[in-house]
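Chain and residue survey
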Amino acid sequence: MDISIVVPLYNEAESLPELEAWIARVMKEHGYSYEILFINDGSTDSSWEVIEDLARNNRSVKGVCFRRNYGKSPALNTGFARAKGDVVITMDADLQDSPDEIPQLYRMITEEKYDLVSGWKQKRYDPLSKTIPTKLFNATARRVSGIHNLHDFNCGLKAYRNKVVKHIEIYGDMHRYIPYLAKNAGFTRIGEKTVHHQARKYGKTKFGLDRFVNGYLDLMTLWFTSKFGGKPMHFFGLLGSLMFLIGLVAVMIVGFGKLWHMHTGAPYQLVTSSPYFYLSLVMMILGTQLFLTGFIGELIARNSSRRNDYEIETEITRDDE
């Protein structure tokens, strides 16, 4: 099969027939074998009934219906697990992503040998309250992930080699950082294509401003786990040791200062009268706790069943060995 199209959706009953017809027309024009995987994320409208009706009229339409709303990441992860096409395309169900972009995305994966191609909605039909935070979000994501050629990490229109989607796990709200997840899994040929962004035709957006706060926290989590997930002592141990040493030196300075004043006969105060003494103790205690956190993290990582799981691209073996 050439293409699997994964479409996560929540309450998009009005747009689904038009989207399916548009995809089917593009696939027929270019002679692609394909499947459409509609992942119904616990919709409360008639989305699932529409999907069932579409599947009766088009054998390429398949669907999964969640019992309740889990979010976009679980929907994509479920679709990826079921995708059979050589190239996997993801797109939103609100008709803001154009299926006419699919042939070029397919060509970039199959001919230009990209692992992943992300869409860039260079001209957006969104209010400033959404576009300005989006620009700041993408700038931060580029700097943290090291993928400097992407302008729109959160664009729903993306294309992947099948191998990519089978080797990454999307959970929580990590759908925003699929390129970063792919990079961490060893798929570094990541490209971008400018795509047409259409104004929403039906319904309203399902995302609020809280996604930017959650997105920042998820980005920090992904950065930390990718950099220190297998070696937590390198982070906590180093930071804890530095804090402990600084606190120890500060305590010694306070103590030697009092001894010097006693030796010279100068007036002096009790060590416990100095606020620096308590700040020093706090730093030593926090340093010890951070060091122990790193040690416990190392014990957990050592006992992880995936501690020796590595992404192997290919291997040469001999039967006589």
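Residues numbered from 1 in each chain as written. Predicted model: local features only at pLDDT ≥ 70, side-chain atom pairs only at ≥ 80, totals over all residues. Heavy atoms only, no water.

1. A word on the overall build of the chain
- In terms of helices and strands, the chain carries 10 helices and seven strands.
- Counting across all 321 residues of the chain, residues that qualify as buried make up 43%.
- Sequence separation of 24 or more characterises 80% of the internal contacts of the chain that already satisfy a separation of 6 or more.
- About 18200 Å² of surface is accessible on the chain, with carbon and sulfur atoms providing 57% of the total. (Helix = DSSP H or I, 4+ residues; strand = E, 2+ residues; numbered from the N terminus. Buried < 20%, exposed > 50% of the residue type's maximum accessible area, 1.4 Å probe, protein only. Contact = heavy atoms within 4.5 Å. Areas by Shrake-Rupley, 256 points an atom, 1.4 Å probe, with all protein chains shown as cover.)

2. Things to note about the packing of aromatic side chains
- Applying the stated criterion across every chain, the model contains six aromatic pairs.
- On the basis of an interplanar angle of 50° and a centroid distance of 4.8 Å, the ring pair of tyrosine 32 and tyrosine 106 is categorised as tilted. With tyrosine 32 in the loop between α1 (16-30) and β2 (34-40) and tyrosine 106 in helix α4 (residues 102-110), the pair connects residues that are 74 residues apart, well separated along the chain.
- Under the relative-accessibility criterion, tyrosine 106 is labelled buried at 14%.
- With a centroid separation of 5.1 Å and 85° between ring planes, the pair formed by phenylalanine 235 and phenylalanine 236 is classed as edge-to-face.
- A relative accessible area of 27% means that phenylalanine 235 is categorised as partly exposed.
- The ring of tyrosine 114 carries arginine 189 above its face, with NZ or CZ at 5.1 Å from the centroid. (Phe/Tyr/Trp six-rings, centres within 6.5 Å; stacked < 30°, edge-to-face > 60°. Lys NZ or Arg CZ within 6 Å of the ring centre and 35° of its normal.)

3. Comments concerning the nonpolar core
- Among the nonpolar cores identified, the biggest contains 34 residues, and Ile3, Ile5, Met27, Phe38 and Ile89 are the most heavily contacted of them.
- Elements that contribute at least two residues to this core include exactly β1 (3-9), α1, β2, α2 (47-57), β4 (87-90) and α4.
- The element that contributes the greatest number of residues to this core is α1, accounting for six residues.
- Setting aside chain neighbours within four positions, we find phenylalanine 38 in contact with Val7, Leu9, Leu16, Leu19, Glu20, Ile51, Leu54, Val61, Lys62, Gly63 and Val64.
- Core analysis: the next-biggest nonpolar cluster, separate from the first, contains 32 residues, Ala83, Leu116, Ile147 and Leu181 among them. (Core = buried A, V, L, I, M, F, W, Y, C linked by side-chain atoms within 4.5 Å.)

4. Structural notes on unusual backbone geometry
- Located in the positive-phi region is asparagine 11, a residue other than glycine, with phi close to 55°.
- Looking at the element boundaries, asparagine 11 is found in the loop between β1 and α1.
- The phi dihedral of lysine 113 falls on the positive side, at around 65°, and the residue is not glycine.
- Its location among the elements puts lysine 113 in the loop between α4 and β5 (116-120).
- With relative accessibility at 52%, the residue lysine 113 sits in the exposed group.

5. Digging into the sheet that holds β4
- What the seven strands build is an open sheet, ordered β3-β2-β1-β4-β6-β5-β7; its pairing is mixed. Where the open sheet ends on each side, the last strands, each with one partner, are β3 (61-65) and β7 (190-194). Averaged over all pairs of adjacent strands, the angle between their axes in this sheet comes to 20°, without regard to strand direction.
- Bridge count for β1 against β4 is four bridges, and the pairing is parallel. Within β4, the residue paired with isoleucine 5 across the bridge is isoleucine 89.
- Where helix α3 (residues 72-82) meets the sheet, it contacts β1, β2, β3, β4 and β6 (158-161), and its direction lies at approximately 155° from that of β1. (Pairing = 2+ DSSP bridges. Axes fitted to C-alpha atoms, helices over the stretch in contact; angles between N-to-C directions.)

6. Quick notes on empty space enclosed by the protein
- All told, the structure shown has one cavity of 30 Å³ or more when counted by the stated rule.
- In this structure, the largest cavity occupies an estimated 90 Å³ of space.
- Lining the largest cavity are 13 residues, and of these Lys72, Leu76, Thr90, Cys155 and Gly156 sit closest to its centre.
- For the lining of the largest cavity, the elements supplying multiple residues, two or more each, are α3 and β6.
- Of the residues assigned to the lining of the largest cavity, the class counts are six nonpolar, four polar and three charged. (1 Å grid on protein atoms, 1.4 Å probe; cavity = no way out; pocket = protein on both sides within 12 Å on 5 of 7 lines; lining within 4 Å. Points joined across faces, edges and corners; volume = space filled by probe spheres on them. Nonpolar A, V, L, I, M, F, W, Y, C, P; charged D, E, K, R; others polar.)

7. What about the pattern of salt bridges?
- Within the structure shown, the criterion is met by 10 salt bridges.
- Lysine 72 is paired through a salt bridge with aspartate 92; the nearest N and O atoms lie 2.9 Å apart. With lysine 72 in helix α3 and aspartate 92 in the loop between β4 and α4, this residue pair connects regions lying 20 residues apart in the sequence.
- Relative accessible area serves as the criterion here: at 17%, lysine 72 is assigned to the buried category.
- The residue glutamate 112 makes a salt bridge to arginine 107 at a minimum N-O spacing of 2.5 Å.
- Note on glutamate 112: relative accessible area 29%, which makes it partly exposed.
- Within this structure, Arg25, Glu29 and Asp100 form a network of salt bridges that share partners. (Salt bridge = Lys/Arg side-chain N within 4 Å of Asp/Glu carboxyl O.)

8. Some points on the pairing of β2
- Burial within β2 is extensive, with seven of its seven residues counted as buried.
- Where burial is concerned, the two faces of β2 agree: the one with Tyr34, Ile36, Phe38 and Asn40 and the one with Glu35, Leu37 and Ile39 are both buried.
- For β1 and β2, the ladder comprises seven bridges, and the chain directions are parallel. Each residue of the ladder has a partner; that of isoleucine 3, found in β2, is tyrosine 34.
- For the segment spanning β1, α1 and β2, crossover handedness is right-handed.
- In this structure, β2 lies alongside β3, joined through five bridges in parallel fashion. (Right-handed = clockwise from strand over helix to strand, strands pointing away.)

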